[in-house]
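Single-letter residue listing:
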Amino acid sequence: MHVEQHCTGGTMMICTVRQSDGSQSTDGRCMGHAGRAGQTNHSTLLANKIGRLRTNLGPPIYVATSQPERCQCSKGRKILLFVAYCIYAMAAAAEIKIGQVDDVQELHRAGLETVPDRYIREGDDRPGGDNVCALAHIPVIDAGELPRGGDELDKLRLACEEWGFFQVVNHGIEEALLDEMEKLAREFFMLPLEEKEKYPMEPGGIQGYGHAFVFSEDQKLDWCNMLALGVEPAFIRQPQLWPTKPAKFKETLESYSVEVRALCQRLLAHIAETLGLSPATFGDMFGEAVQAVRLNFYPPCPRPELVLGLSAHSDGSAVTVLQQDVSCAGLQVLNKGGAWVPVHPIPHALVINLGDSLEVLTNGRYKSVEHRAVTDGERDRLSVVTFYAPAYDVELGPLPEFVSDEAPCRYRRFNHGEYSRHYVTSRLEGKKTLDFAKIVDHQATAPEEEPCSCN
């Protein structure tokens, strides 16, 4: 008998015992298939790659294994990409010093009349001013009319071309579920700090409660508390970071995420139609799509004109779905004229924006758009944000349909897991993260080792 791998000190991933006759038994939470007798399983492959892994995404994982073998299946490749990210995050987190990071709800409760220096923005980075167009509105799309094509599909095409943002109504998700998700999210943020800190987001981390995208001691901070969780595929989940309070939080988030995932798939099919593609194009390409959720809470700020709730950025996803409460218009979108346009809440509507992945795939025909959140002096604000992106092992690059002499290839071919790792280990600075994929000289071909997908 030989133990291929065992895990202790936290959530068990998988334990496989191989008998002398070649048979094997498996226990624990499987990260992939167990394999046939005489072949490696994914846990063995993980062991060969990482030895002992400790990351901010989960509890310690200890592994021991026999000789390495090569994994050929897509499930294994996805897991290895995720593990590669974990190793990268572990190394990066060891070097990160973020200094004093206050919980902004606690600052609000303390009754401060000003805000700490780390939250105060300078110059054009401050909200307000002449570059806010308060009277403009992003488009509103009736999702129930999209299957019929015609005018509503044309409206969707224009929304993607001109804005990269739109609100959807008649989207098929029950209002009661939206209300319950918002209610439980707010209840979580109202819990005592010591309860919320049971689910900590470590420095440089992307899951748990705290501040994301903070990588240095002198970095300006956002006036926001977050709870970020991986949802799908199962291997990105960190169960110890899913709150047990309030009651039914987990069950409600599970149901909510299923509905939002289906909405993302429907919208991507219609977006493909607006581009003259088969409706199944993105669904077939994305594989086992990655889905994550982030709950944002913005308490009142005594000096809202000096701070940002969330720094300007584009999303690394394919599409993002945002549910916002109706307290105030805190989300702002940067239009083509360089003005910030508030997204005025519509009860039970969902805000949709295109992410970097779609910009690359369409060679810039549809663009991801910078957006930010601002705060209010009197009212708090809550949002529930779902990010939907291609599987980690999917290779992205401009589709041939969008490349021509008039529209040369603008982005190199790259692995989405590689870009995801780059995105989550970079601070939010407009669309700077997309520089990772850009071909600077459009007349030059992409590097030989990373050819453009249109070649």
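Since the model is a prediction, treat every value here as computed from it, not as a measurement. (Residues numbered from 1 in each chain as written. Predicted model: local features only at pLDDT ≥ 70, side-chain atom pairs only at ≥ 80, totals over all residues. Heavy atoms only, no water.)

**Student:** Even after reading the chapter, I still don't get the side chain of Asp 325, so can you show me in this structure?
**Tutor:** The topology assignment puts Asp 325 in the loop between strand 12 (319–324) and strand 13 (331–334). In this structure Asp 325 comes out as buried when scored by relative accessible area, which is 4%. At a separation of 2.9 Å, a polar atom in the side chain of Asp 325 contacts the side chain of Arg 186. A distance of 3.0 Å separates a polar atom in the side chain of Asp 325 from the backbone nitrogen of Leu 382. Not counting residues up to four positions away in its chain, the partners in contact with Asp 325 are Glu 182, Arg 186, Pro 345, Asp 380, Arg 381 and Leu 382. (Helix = DSSP H or I, 4+ residues; strand = E, 2+ residues; numbered from the N terminus. Buried < 20%, exposed > 50% of the residue type's maximum accessible area, 1.4 Å probe, protein only. Polar contact = N/O pair within 3.5 Å; in protein donor to acceptor, adjacent residues only side chain to side chain. Contact = heavy atoms within 4.5 Å.)

**Student:** Mind showing me how you'd approach the pattern of salt bridges here?
**Tutor:** If charged atoms from side chains of opposite charge come close, those side chains can pair. A complete count under the given rule lists 19 salt bridges for this structure. Measuring nitrogen to oxygen at the nearest pair gives 3.1 Å for the salt bridge that ties Asp 380 to Arg 186. In this pair, Asp 380 is assigned in the loop between strand 16 (371–373) and strand 17 (381–389) and Arg 186 in helix 5 (residues 175–189), connecting sequence segments 194 residues apart. By relative accessible area, Asp 380 is classed as partly exposed at 23%. In this structure, a network of salt bridges that share partners links the residues Glu 232, Arg 237, Lys 250 and Glu 254. (Salt bridge = Lys/Arg side-chain N within 4 Å of Asp/Glu carboxyl O.)

**Student:** What's the story with the layout of surface pockets in this structure? I'm lost.
**Tutor:** Over the atoms, a rolled probe matching the size of one water molecule traces out where space is still vacant. By volume, the second largest pocket amounts to about 300 Å³. Considering the residues around the second largest pocket, the lining is formed by 21 residues, among which Arg 121, Gln 219, Lys 220, Ser 311 and Leu 428 are closest to the centre. (1 Å grid on protein atoms, 1.4 Å probe; cavity = no way out; pocket = protein on both sides within 12 Å on 5 of 7 lines; lining within 4 Å. Points joined across faces, edges and corners; volume = space filled by probe spheres on them.)

**Student:** Help me out: how do you make sense of the sheet that holds strand 9 (residues 225–232) in this one?
**Tutor:** Pairing between the strands of a sheet comes from backbone hydrogen bonds, and it takes one of two forms, parallel or antiparallel. Taken together, the 8 strands give an open sheet; going across it, the order is 6-7-15-12-17-10-9-8, and neighbouring strands pair in mixed fashion. The open sheet has two free edges, formed respectively by strand 6 (140–142) and strand 8 (208–210), since each of these has just one partner strand. Strand-to-strand twist of the sheet, defined as the mean angle between neighbouring strand axes without regard to direction, takes the value 25°. Bridging between strand 7 (residues 165–169) and strand 15 (residues 350–354) involves 4 bridges; their strand directions are antiparallel. Note on strand 15: the bridge partner recorded for Phe 166 is Ile 352. Running over the sheet, helix 5 touches strand 8, strand 9, strand 10 (290–298), strand 12, strand 15 and strand 17 and is turned about 115° from strand 17. (Pairing = 2+ DSSP bridges. Axes fitted to C-alpha atoms, helices over the stretch in contact; angles between N-to-C directions.)

**Student:** Quick question: what am I supposed to make of a negative patch on the surface here?
**Tutor:** Side chains of Glu 174, Glu 175, Asp 179 and Glu 259 sit close together on the surface and give a patch of like negative charge. Taking the relative accessible area as the measure of exposure, Asp 179 reaches 40% and is therefore partly exposed. (Patch = residues over 30% accessible without salt bridge, like charges linked within 9 Å, V, L, I, M, F, W, Y side chains within 5 Å. Areas by Shrake-Rupley, 256 points an atom, 1.4 Å probe, with all protein chains shown as cover. Lys, Arg positive; Asp, Glu negative; His and termini not counted. Charge placed at Lys NZ, Arg CZ, Asp CG, Glu CD.)

**Student:** How should I be thinking about the pairing of strand 9 in this particular structure?
**Tutor:** The two faces of the sheet receive side chains in turn, since in a regular strand these alternate between them. Burial of strand 9 is extensive: 7 of the 8 residues sit out of reach of the surface. Pairing geometry for strand 9 and strand 10, over 7 bridges, is antiparallel. Looking at strand 10, one finds that Leu 227 is bridged to Leu 295.

**Student:** What exactly am I supposed to notice about the sheet that holds strand 11 (residues 310–313) here?
**Tutor:** Spatial ordering of the open sheet is given by 11-16-13-14, a layout of 4 strands whose pairing is antiparallel. Two strands lie at the open edges of the sheet, namely strand 11 and strand 14 (340–342), each paired on one side alone. The sheet shows a mean angle of 20° between the axes of neighbouring strands, direction not considered. As paired strands, strand 13 and strand 14 are joined by 3 bridges and run antiparallel to one another. Note on strand 14: the bridge partner recorded for Gln 332 is Pro 342.

**Student:** Would you take a moment to explain helix 10 (residues 416–424) for this structure?
**Tutor:** Residue pairs three or four apart in sequence face the same way in an α-helix, which turns once every 3.6 residues. Inspection of helix 10 places His 416, Gly 417, Tyr 419, Ser 420, Tyr 423 and Val 424 among the buried residues, and these make up the whole buried set. In a view along the axis of helix 10, the buried residues occupy a sector of 160°, so they form one face of it. With a side-chain oxygen lying 2.8 Å from the backbone nitrogen of Gly 417, the N-terminal cap of helix 10 falls on Asn 415. (Arc of directions from axis to C-beta.)

**Student:** Mind showing me how you'd approach the packing of helix 4 (residues 150–162) against helix 7 (residues 249–274) here?
**Tutor:** Angle between the axes and distance between the axes are the two parameters that describe a pair of packed helices. The geometry of helix 4 relative to helix 7 is characterised by a closest axis approach of 9 Å and an angle of 85° between their N-to-C directions. It follows from the interaxial angle that helix 4 and helix 7 lie roughly perpendicular. On helix 7, the residues that touch Leu 153, Leu 156, Arg 157 and Cys 160 of helix 4 are His 270, Ile 271, Glu 273 and Thr 274. Residues of the contact of helix 4 with helix 7, tallied by class, amount to 4 nonpolar, 2 polar and 2 charged. (Parallel < 35°, antiparallel > 145°, perpendicular 65-115°, else oblique. Nonpolar A, V, L, I, M, F, W, Y, C, P; charged D, E, K, R; others polar.)

**Student:** I would appreciate a short explanation of the confidence of the model for the chain in the present structure.
**Tutor:** Any segment with low pLDDT has predicted coordinates that should not be analysed in fine detail. Confidence along the chain averages 79 in pLDDT terms, with 74% of residues attaining 70 or more. Predicted confidence is poor over residues 1–72, with pLDDT under 50, and the contacts of this stretch with residues over four places away or in other chains come to 157 contacts. For the stretch residues 442–455, pLDDT sits under 50, and the model shows 22 contacts to residues farther than four places along the chain or on other chains. (pLDDT = per-residue confidence, 0-100.)

**Student:** Sorry, what's going on with the side chain of Asn 296 here?
**Tutor:** Summarising the element assignment, Asn 296 is placed in strand 10. The exposure class of Asn 296 is buried, given its relative accessible area of 2%. In terms of polar contacts, Asn 296 uses its side chain to reach the side chain of Arg 294, at 3.0 Å. Setting aside residues no more than four positions away along its own chain, Asn 296 makes contact with Phe 189, Cys 224, Asn 225, Met 226, Arg 381, Leu 382, Ser 383 and Val 385.

**Student:** Explanation requested: the packing of aromatic side chains in the structure shown.
**Tutor:** Centre distance and the angle of the planes are the two values used to describe a pair of aromatic rings. For the coordinates displayed, the defined rule picks out 10 aromatic pairs. With 5.4 Å between their ring centres and 75° between their planes, Phe 188 and Phe 189 make a pair best called edge-to-face. The class for Phe 189 is buried, based on a relative accessible area of 0%. Judged by centre distance (5.8 Å) and plane angle (75°), the rings of Phe 188 and Tyr 209 are edge-to-face. Of the two residues, Phe 188 is situated in helix 5 and Tyr 209 in strand 8; the sequence distance between them amounts to 21 residues. (Phe/Tyr/Trp six-rings, centres within 6.5 Å; stacked < 30°, edge-to-face > 60°.)

**Student:** Explanation requested: unusual backbone geometry in the structure shown.
**Tutor:** Only a minority of non-glycine residues have a phi that is not negative, and only a minority of peptide bonds are not trans. The residue after Glu 232, namely Pro 233, is reached through a cis peptide bond having omega -5°. Secondary-structure assignment places Pro 233 in the loop between strand 9 and helix 7. Lys 245 connects to Pro 246 through a cis peptide bond whose omega is 0°. You can see Pro 246 is positioned in the loop between strand 9 and helix 7. Located in the positive-phi region is His 348, a residue other than glycine, with phi close to 65°. With respect to the helices, strands and loops of the structure, His 348 is situated in the loop between strand 14 and strand 15. Backbone geometry at Asn 363 places phi at a positive 55°, although glycine is not the residue there. On the secondary structure map, Asn 363 appears in the loop between helix 9 (356–361) and strand 16.

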